[in-house]
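So the chains spell out like this:
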Amino acid sequence: MATPVQQPPQSGGGKRKGKAQYVPAKRARRCDGGGPRQLEPGLQGILITCNMNERRCLEEAYSLLNEYGDDVYGPEKFTDKDQQPSGSEGGDDDVEAALKKEVGDLKASTEMRLRRFQSVESGANNVVFIRTLGIEPEKLVHHILQDMYKTKKKKTRVILRMLPISGTCKAFLEDMKKYAETFLEPWFKAPNKGTFQIVYKSRNNSHMNREEVIKELAGIVGSLNSENKVDLTNPQYTVVVEIIKAVCCLSVVKDYMLFRKYNLQEVVKSAKDPSQLNPKQAAQAGNGREAKLESGDTSNQNDPAEGTNNQQVVPANSEELEQTKPISETQVVNEGGAKPELASQVTEESESNGNDVS
């Protein structure tokens, strides 16, 4: 409740009374059913970006996650109040045993109230974090994107990207290194191996250095297995690093490039339509068309079908994709003085699509 703050009387000897000013108290954000109220180390969940409409984004996220969550894990089960354990049963006269039983009942009832999906304060604008319980975030999100990629059915309006978060830790370099050494083992420790890339994004944080974080994580992946190689075109695994304030969110995802960087708006589009390509791909498609006309093939210049064929000129081979690779990916290693064998393991997230706002 806001309390009035009385102004001190004026020194001019006047009879004018001080006007009470009411200072609004900060309202705590509630989290139904207990659990953490904000993003913190030790959580698993799904990080969702939107465009200036977090309330609508949260509604779409709950609808989408509940739909596919019931499909993968079955309907969510709730416990009735009559079935909750009660400490009054048994009539135990021992006070100490009764207190322990009551504490256990309180903990059990709290766990029963926890939902499968629960939003927490993310700490950044246009970012929603859904804490998950009893599910694998990367499995569920991959299932959602795979279905949308196959059906090309758009199911959201304001949600942009949906990234699974398998673990969180403190956003300090030493804490991240210690946590990543164990976190990355299931994917990259021998005998497991694979091609990979690292994508990095930081929000409301100024003490972390992008190049330093990528260099250290790439070194950890290389130390787990020397056969782990970088592939910026079509990697098996993508290490996602999302930093918000003092919390680092980590995950390892598959089909990152195939699913358009896990963008729900882009994954439902057809790649053959030039109007839906990003500016780089559209420019390359145009360059390919000019080269075809200059090569002497002028017989189809007046043919209406020629425009249709040119819609399929999309840079698909590795040579064209390497030409679009940012120069800064190699400069990061040279400036930081990294070892030659780790030079190929340092990568940055390429520029997002025109509609990929994160």
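The structure displayed is predicted, hence computed values, not measured ones.

1. Some details on the pairing of strand β3 (residues 45-50)
Burial runs high along β3: six of the six residues are buried. Relative to strand β5 (residues 127-132), β3 is paired through five bridges, and the arrangement is antiparallel. By the bridge assignment for β5, isoleucine 48 is matched with valine 128. Note: β3 against strand β6 (residues 159-165), five bridges, orientation antiparallel. Within β6, the residue paired with glycine 45 across the bridge is isoleucine 165.

2. Side note on the packing of aromatic side chains
For the structure shown, the criterion picks out seven aromatic pairs. Measuring from ring centre to ring centre gives 5.5 Å for phenylalanine 183 and tryptophan 187, while their planes differ by 50°; the resulting arrangement is tilted. Take phenylalanine 183: its relative accessible area is 12%, and that puts it in the buried class. The rings of Tyr149, Tyr256, Phe259 and Tyr262 are connected pair by pair, giving a single aromatic cluster.

3. Topic: the pairing of β5
A large share of β5 lies buried, amounting to six of its six residues. By the alternation rule, side chains of β5 split into Val127, Phe129 and Arg131 and Val128, Ile130 and Thr132, which are all buried. For strand β4 (residues 117-120) and β5, the ladder comprises four bridges, and the chain directions are antiparallel. In the sheet register, valine 120 faces β5, and the bridge partner there is phenylalanine 129.

So, how was this worked out
- Residues numbered from 1 in each chain as written.
- Predicted model: local features only at pLDDT ≥ 70, side-chain atom pairs only at ≥ 80, totals over all residues.
- Heavy atoms only, no water.
- Buried < 20%, exposed > 50% of the residue type's maximum accessible area, 1.4 Å probe, protein only.
- Helix = DSSP H or I, 4+ residues; strand = E, 2+ residues; numbered from the N terminus.
- Pairing = 2+ DSSP bridges.
- Phe/Tyr/Trp six-rings, centres within 6.5 Å; stacked < 30°, edge-to-face > 60°.

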